[in-house]
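Residue-level structural notes
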Amino acid sequence: WYGGSPLSNYARASVGQDYNISKTTLVRARIGLERQNRLDSDSASANVASVNLDMRHGFKNRALVGYGVSARNTSSQSNVVESKVVGAHVSYTPPPLPIDVVPTFSLNLERTEYSNLNINGVQRSDERARATVSVLFPKINYYGFAPTVNVSASKTKSSIPIYSTRDLRMNLGFKSTF
């Protein structure tokens, strides 16, 4: 919604496959395609192709480590929308704690190139880092859903200073426990 009116319609399809390469290690591969139809400007419509490769490893003490890489290509007639993104992430969930909470710590890095967007002769490229702490409270569950608290901090450094940002967020939500 933009000013009370719909802004875009989209269709998305993705396919993925999980591979258990050992009793404690899972590899997940996924590809996706998306069509975004902007209702305000046809030139801002886009086709998005993405690929993700993730690995999750569990340890004997029940800690979990996850990491992965991703790439996304957005094609559009709009120089502001068209972009190429590569990213990497790592996450860690410690073994069960004496108190009944499940924290997860994660770090995401991403680089976005806007190959057709030049402002005063400078091509726009952004680098973003995000650190997140997520806490699940599994004992406070209601019909299989437990509350979560997420705190994240991110910083985007852009070659065009107006696009550089710092962000601190806190979200409350629910997560399935079954």
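Residues numbered from 1 in each chain as written. Predicted model: local features only at pLDDT ≥ 70, side-chain atom pairs only at ≥ 80, totals over all residues. Heavy atoms only, no water.

**Points about the packing of aromatic side chains**
What the rule picks out here adds up to one aromatic pair. A cation over an aromatic ring shows up here: Arg124 above the ring of Tyr163, its NZ or CZ 3.6 Å from the ring centre. (Phe/Tyr/Trp six-rings, centres within 6.5 Å; stacked < 30°, edge-to-face > 60°. Lys NZ or Arg CZ within 6 Å of the ring centre and 35° of its normal.)

**Considerations on a nonpolar patch on the surface**
On the surface, a nonpolar cluster with roughly 330 Å² of combined accessible area is contributed by Tyr67, Val90, Leu107 and Leu109. In this fold, Leu109 is placed in strand 6 (residues 102-119). (Patch = residues over 30% accessible without salt bridge, like charges linked within 9 Å, V, L, I, M, F, W, Y side chains within 5 Å. Areas by Shrake-Rupley, 256 points an atom, 1.4 Å probe, with all protein chains shown as cover. Salt bridge = Lys/Arg side-chain N within 4 Å of Asp/Glu carboxyl O. Helix = DSSP H or I, 4+ residues; strand = E, 2+ residues; numbered from the N terminus.)

**Points about the pairing of strand 1 (residues 8-20)**
Here 13 bridges tie strand 1 to strand 2 (residues 25-38), and the two strands are oriented antiparallel to one another. Bridge pairing in strand 2 links Ser14 to Gly32. In textbook terms, the turn of a hairpin is the stretch between consecutive antiparallel strands, and for strand 1 and strand 2 this stretch comprises four residues. (Pairing = 2+ DSSP bridges.)

**Let's talk about the environment of Gly32**
Relative to the helices and strands, Gly32 is located in strand 2. With relative accessibility at 12%, the residue Gly32 sits in the buried group. Remark: the alpha-carbon pair of Gly32 and Arg12, spanning 20 residues in sequence, is separated by 7.3 Å. Apart from the residues lying within four places of it in its own chain, the contact partners of Gly32 are Ala13, Ser14, Val48, Ala49 and Ser50. (Buried < 20%, exposed > 50% of the residue type's maximum accessible area, 1.4 Å probe, protein only. Contact = heavy atoms within 4.5 Å.)

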